[in-house]
Each structure stands twice: as structure tokens, then as C-alpha cells.
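Listed below, chain by chain, are the residues.
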Amino acid sequence: MENWNSVTLIQQLSDAFGPSGFEDEVLQVARTWAKDIGRIDEDHMRNLYIHRKENKGNRPRLMLDAHSDEVGFMIHSIKPNGTLRFVTLGGWNTMSLSSADVLVRNADGKYIPGIIACKPVHFMTAAEKNGGIPELSSLVIDIGATSFEEAVHDFRIRIGEPVVPATRFHQDTVHDLLFGKAFDCRIGVAALLEVLHRLEGVDLPVDIIGVLSSQEEVGERGCKVSVMRAKPDIAFVFEGCPADDTFTEPYAIQTALKKGSMFRFRDVSVICSPRYQRFVLDLAASKDIPVQASVREGGGNDGAIIHTSLDGVPVVVAGVPVRYIHSMNCISSMADFESTVRIATETIRALTPDIIAGF
């Protein structure tokens, strides 16, 4: 890719339309940026595979994984008044939904603007006003149609079509802040591509397969296929992970903005390989790369699928801290992106067949 610019890469990935099962636009962006890195192919799950051109085929296989999908919605049905009932694709923070701008793909592939709407406060009963968080079933997407017929024939809406936030990326360079949607896991996808870019032409003792796995937000479905195709001996997973620094007691903060990439010892889906985890943390310390470590009480990721596949695969997960993931608007930092890229690159350079065998 000529004129490589990391911020532009993140922006294009963040702005791409790609909820679970509909990742095509994200893969188009990735293909453009990765076209000089090596051979690219994909499967019927819309998993994308990037085979580094320096691979030789007789060395341990390292899988770099990031998931290409974002949390989104799908049109369930069209009401007589023209509003749209929807279901979620992935786990949303319901409190963030009401009045949000969204884009609905129609039958012609165009993106129709809409608003997630609930009953106006002026028409609510006292009980409804005091009811707290609205039920998802009480929300609709309003595209401005006034009837079922108008929604179908004029707006060209049909059931089964995907929906994403209308949020657009922007950067605050003065304060090193990134704003946008889908940083879980588009900022991880960007980090994976950045690592492959920085390692172009470098002779390594491992073969690398970069994988953009699909449908992670609905149960790591794509990775169940991609890991069997990649057949790795070891894996390094990239994520956009939820920052905890705006609501957690100071002593318990483990994923703060601008404090470096976060490596989890466990979440509810995986216990990351302890020897591999310590190897990466010690390497970061020796290279003066800021990283954070966490013991997560929730969450899940593709690492869980990879770790328990084949004969068992050593895995670590590098998370770029992101405030307010699984909502309409996210905040992240180039400092944390750079930390993630640096530690991933140094880890790859340090891995040897004997070290991998020791994990």
C-alpha cells in the first residue's frame, strides 16, 4: 500500500459498514491495504486470510487474529406505521440506543438514515417515565416512512437487512484521541495490518497467517472455521477491549486509556497461556513498551476458540483500550494502538521454534 497512514487505515475500517455476517465492506478495505503484503483469500464465512509472502512453509505457523465484524442490528419486521422492528447482532448497551442515528441497508444496497426511537416523554405515563431503561422490544427504527407500503416500495426496506451506527470517525490530534464506531474490533484489525506492514521484508523464524475472523460478536463463529484452516502452532489475537478507567476504583483499574495494550490473564471464555503471557509481559518490560495486565470478570474473544482447537494452541490477547465499546460512540488513543503494534512486532521477532515449544 503506497502512502501508508495508520490513522487513515483506522478511519476507513471504523467507517466501514460491517455487522456480524455482513463484513464484506470491511474486507474490501483490508484487501486494499494488504495487497502488497502477500496472498489473500477468503472462505464462505467471510473470513479473510493474509499469507505473508516471506512464508517458507517449513516453520511454525503463527496466526494473527482480529475479528472484522461490529455489533449491529437486523430488521425483524416492518410495522403498519412504517417504523422498523429490529433485533440485535451482538451484545448492546441498551441505555445507549434511544435517539441514536443509524444506517439501514435497503434492497438496493443503499444506506438509509434512521433513528432508534421510543415513545416521546410527553406521551409517557408516570410509570413509564419512572421505569428506567426501556425494553429493547419497545424501540423501533424510524426512517421517516408513514406506512408499511412506503417503507417497502419507496424506501426499499426489507426484512433481514443489516443496520449499523451512523457514527463517523474523527481524530483529536491535540489530545491524542480517536472517536468513532466499531473500534471493537476495527482498531484491532488495523493493528494486525500495521504489524504485517512493518514486518514486510523481514526474515523471521515463523510463517505468519493474518486472519480477519467474522461473526465474533455472535459467538466467535468465524474463528471456529478460520483456526481449522490456518492450523496455527501459536496465535496472537488483537482486540478492542473495554476500558475501565472512568468508573472503577483506582486500585482496580486494569484497562486505562493511554496506558498501553492490555493483556488478559483470563476472561469468562479463556485462560490465556500463562508461560506465553509472561513471556510477552517480560518482553514488553525489557523493551520499555507500556502494557497493562488484567484479570477480567466478563468478556470473551476469539482466543478461546483458538486455544482449545487442534492439539491446543498457545494464545495471548492484546487489547487496545476503548471507552464505551458496544455503544454508538467509542474513544481510543493512538498511543495505545502504537503500544499494541510494538509489542506484537517485538513478540513475533522474538519467537523461535524452541520458545514456542516451551509454551
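Let me begin by describing the structure that accompanies this report. (Residues numbered from 1 in each chain as written. Predicted model: local features only at pLDDT ≥ 70, side-chain atom pairs only at ≥ 80, totals over all residues. Heavy atoms only, no water.)

1. Overview of the environment of Leu 103
Our working rule: The numbering of helices and of strands both runs from the N terminus, where a helix is a DSSP run of H or I of at least 4 residues and a strand a run of E of at least 2. Contacts were defined at the residue level, with two residues in contact if any of their heavy atoms lie within 4.5 Å.
Checked against the element boundaries, Leu 103 lands in strand S6 (residues 101-105). Considering only alpha carbons, one finds Leu 103 and Phe 359, 256 residues apart in sequence, at a separation of 45 Å. Among residues more than four places away in sequence, those in contact with Leu 103 are Phe 17, Tyr 111, Ile 112, Pro 113, Pro 162, Val 163, Val 164, Pro 165 and Ala 166.

2. Section: the pairing of strand S14 (residues 261-266)
To be explicit about the condition: When DSSP locates at least two bridges between a pair of strands, those strands are taken to pair. Viewed with both strands pointing away, a crossover whose connecting path from the first strand over the helix to the second turns clockwise is right-handed.
Summarising the sheet, S14 and strand S15 (residues 291-295) pair through five bridges and their orientation is parallel. Paired with Arg 264 across the bridge in S15 is Ser 294. Regarding topology, helix H7 (residues 274-286) serves as the crossover connection from S14 to the parallel S15, and that connection is right-handed.

3. Some words on unusual backbone geometry
Applicable threshold: With a 1.4 Å probe rolled over the protein chains alone, any residue whose accessible area is under 20% of its type maximum counts as buried; one over 50% counts as exposed, and the rest are partly exposed.
Geometrically, the link from Asp 184 to Cys 185 is a cis peptide bond, its omega value of 10° lying close to zero. Topologically, Cys 185 is positioned in helix H5 (residues 183-198). The backbone of Arg 156 sits at a positive phi, close to 65°, despite the residue not being glycine. One non-glycine residue with positive phi stands out, namely Tyr 324, at about 70°. Tracing the backbone through its elements, the reader meets Tyr 324 in the loop between strand S16 (315-322) and strand S17 (330-332). When its relative accessible area of 43% is taken as the criterion, Tyr 324 is described as partly exposed.

4. What about the sheet that holds strand S11 (residues 177-180)?
Rules: Only C-alpha atoms enter the line fits that serve as axes; for helices the fit covers just the stretch in contact. Angles between N-to-C directions range over 0 to 180 degrees.
A sheet is described by the order of its strands in space; here three strands give the open sequence S10-S11-S17, paired in antiparallel fashion. Either end of the sheet is taken by a strand with one partner, and the two such strands are strand S10 (170-172) and S17. Geometrically, the sheet is characterised by an average inter-axis angle of 20° between neighbouring strands, direction not taken into account. Two strands pair when backbone bridges link them, and S11 and S17 are joined in this way by three bridges, in the antiparallel orientation. Looking at the pairing, Gly 180 lines up with Cys 330 of S17.

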